Amino acid sequence: MPFKIYRGETVIAEGESPLAITGLDPNTEVAAGEYQATSIDGDRESDRVDIPAFKTLPIAVTGVTVSPKTSTAEAGTAGSRQLTATIEPTNATNKGVTYSISPTTTGLTVSNSGLIEWTEDVPAGQYTTTVTTDDGGKTDTHTLTLTEPPEPDPEG
């Protein structure tokens with residue numbers, strides 16, 4: 001048996017069940033009665049029945065990419081690097097991320113916005129920053145390499 005879905009006086013979907021209401025933003029509350037359904041029997045259409053309230057599904061995160069992937073600086077000198085996390089798909093509902101850095105080292109931090117900062121006391125080595133999505137726990141990493149400063153020139 002065919003059906004029609006109305007929004008006001010406009011038919012937005014018709015055909016055999018199940019029908020889909022398209023064009024709605026994700027994660028959106030829709031009030032009861034905003035849409036109505038009818039059944040079609042031959043050339044006769046039933047009275048409209050309110051569709052109950054519903055909420056559209058969120059769009060899930062499928063991945064995250066951090067850039068740049070690597071950076072290098074000299075140990076013994078304070079510095080910073082800004083990381084950027086790109087969420088996929090771009091229309092994901094929850095684009096929140098958290099950053100963490102390891103190994104934990106005094107003077108080395110990463111902010112909630114992806115800014116890595118270090119003091120002159122952070123030793124040479126490799127430090128990995130991981131970005132993790134709030135939705136789905138997707139991850140990507142950045143590696144910061146702090147190199148040993150060059151030996152002073154004894155003739156200098």
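The structure under discussion appears in the preceding block.
Residue positions within a chain follow its written sequence, with the count starting from 1. Reporting in this predicted model follows two pLDDT cut-offs: at least 70 for local features of residues, and 80 or more for side-chain atom pairs to be given and counted; totals over whole chains, interfaces and linings ignore these cut-offs and use all residues. Think of the side-chain values as coming from all heavy atoms in the structure, minus any hydrogens and water.

A. Looking closely at the pairing of strand β1 (residues 2–7). Relative to strand β2 (residues 10–16), β1 runs antiparallel, the two sharing 6 bridges. Bridging across to β2, Phe 3 finds its partner in Gly 15. In textbook terms, the turn of a hairpin is the stretch between consecutive antiparallel strands, and for β1 and β2 this stretch comprises 2 residues, one of which, Gly 8, has a positive phi near 65°. Pairing geometry for β1 and strand β4 (residues 36–41), over 4 bridges, is antiparallel. Note on β4: the bridge partner recorded for Lys 4 is Thr 38. Here, a strand pair is defined by DSSP locating no fewer than two bridges between the strands. Secondary structure elements follow DSSP: runs of H or I of four or more residues count as helices, runs of E of two or more count as strands, with numbering from the N terminus.

B. Layout of the nonpolar core. Nonpolar cores were defined as sets of buried Ala, Val, Leu, Ile, Met, Phe, Trp, Tyr and Cys residues, with membership established by side-chain atoms within 4.5 Å. Burial classes follow relative accessibility: with a 1.4 Å probe on protein chains only, a residue under 20% of its type's maximum area counts as buried, one over 50% as exposed, and anything between as partly exposed. Judged by nonpolar contacts, the single largest core of 19 residues is most densely connected at Leu 108, Ile 116, Trp 118, Tyr 127, Leu 144 and Leu 146. Elements supplying a minimum of two residues to this core: β8 (63–67), β12 (97–102), β13 (108–110), β14 (115–118), β15 (125–133) and β16 (139–147). What makes two residues a contact is simply this: any of their non-hydrogen atoms within 4.5 Å. When sequence neighbours within four positions are dropped, the list of residues in contact with Tyr 127 reads Ile 101, Ser 102, Pro 103, Thr 105, Leu 108, Val 122, His 142, Thr 143, Leu 144 and Leu 146. Within the second largest apolar cluster, 5 residues are counted, among which are Ala 13, Val 30, Tyr 35 and Ile 51.

C. Structural context of the pattern of salt bridges. Think of a salt bridge as a Lys or Arg side-chain nitrogen and an Asp or Glu carboxyl oxygen that are within 4 Å of each other. With the rule as written, the count across this model stands at 5 salt bridges. Taking the shortest distance from any N to any O, the salt bridge between Lys 4 and Glu 45 comes out at 3.6 Å. Pair noted here: Lys 4 is in strand β1 and Glu 45 is in strand β5 (residues 44–45), with a separation of 41 residues, a long-range link. Here Arg 48 makes a salt bridge to Glu 9, at a shortest N to O gap of 3.5 Å. With a gap of 39 residues between them, Arg 48 in the loop between β5 and β6 (49–50) and Glu 9 in the loop between β1 and β2 connect regions that are remote in the sequence.

D. Structural context of the packing of aromatic side chains. Pairing of aromatic rings covers Phe, Tyr and Trp, the last counted by its six-membered ring, and requires centre-to-centre distances within 6.5 Å; plane angles under 30 degrees mean stacked, over 60 mean edge-to-face, and any other angle means tilted. All chains considered together, the criterion is met by 1 aromatic pair. Between the aromatic rings of Tyr 35 and Phe 54, the centroid separation amounts to 6.4 Å while the plane-to-plane angle is 40°, which identifies the pairing as tilted. Remark: Phe 54 occurs in strand β7 (residues 54–55) and Tyr 35 occurs in the loop between β3 (29–30) and β4; sequence separation between them is 19 residues. Since its relative accessible area comes to 3%, Tyr 35 is described here as buried. We classify Phe 54 as partly exposed; its relative accessible area is 25%. Only when the NZ atom of a Lys or the CZ atom of an Arg is both within 6 Å of the ring centre and within 35 degrees of the ring normal do we say a charge sits over the ring. A cation over a ring is seen here: Arg 48 above Tyr 6, with NZ or CZ 3.7 Å from the ring centre.

E. Region of interest: the sheet that holds β12. An order of β9-β16-β15-β12 is seen for the 4 strands of this open sheet, with the pairing classed as mixed. Only two strands of the sheet have a single partner each, and these edge strands are β9 (70–74) and β12. Adjacent strand axes in the sheet meet at a mean angle of 20°, parallel and antiparallel pairs treated alike. Pairing between β12 and β15: 6 bridges, direction antiparallel. Axes, fitted as lines to C-alpha atoms, cover a helix only where it is in contact. Angles between the N-to-C directions of the axes lie from 0 to 180 degrees.

F. The arrangement of the sheet that holds β14 in detail. With antiparallel pairing, 3 strands are arranged side by side in an open sheet as β10-β14-β13. Only two strands of the sheet have a single partner each, and these edge strands are β10 (79–82) and β13. Going across the sheet, the axis of each strand differs from the next one's by a mean of 10°, ignoring polarity. Sheet analysis places β13 next to β14, joined by 3 bridges and oriented antiparallel.

The quantities given are spatial measurements derived from coordinates; they are silent on function.
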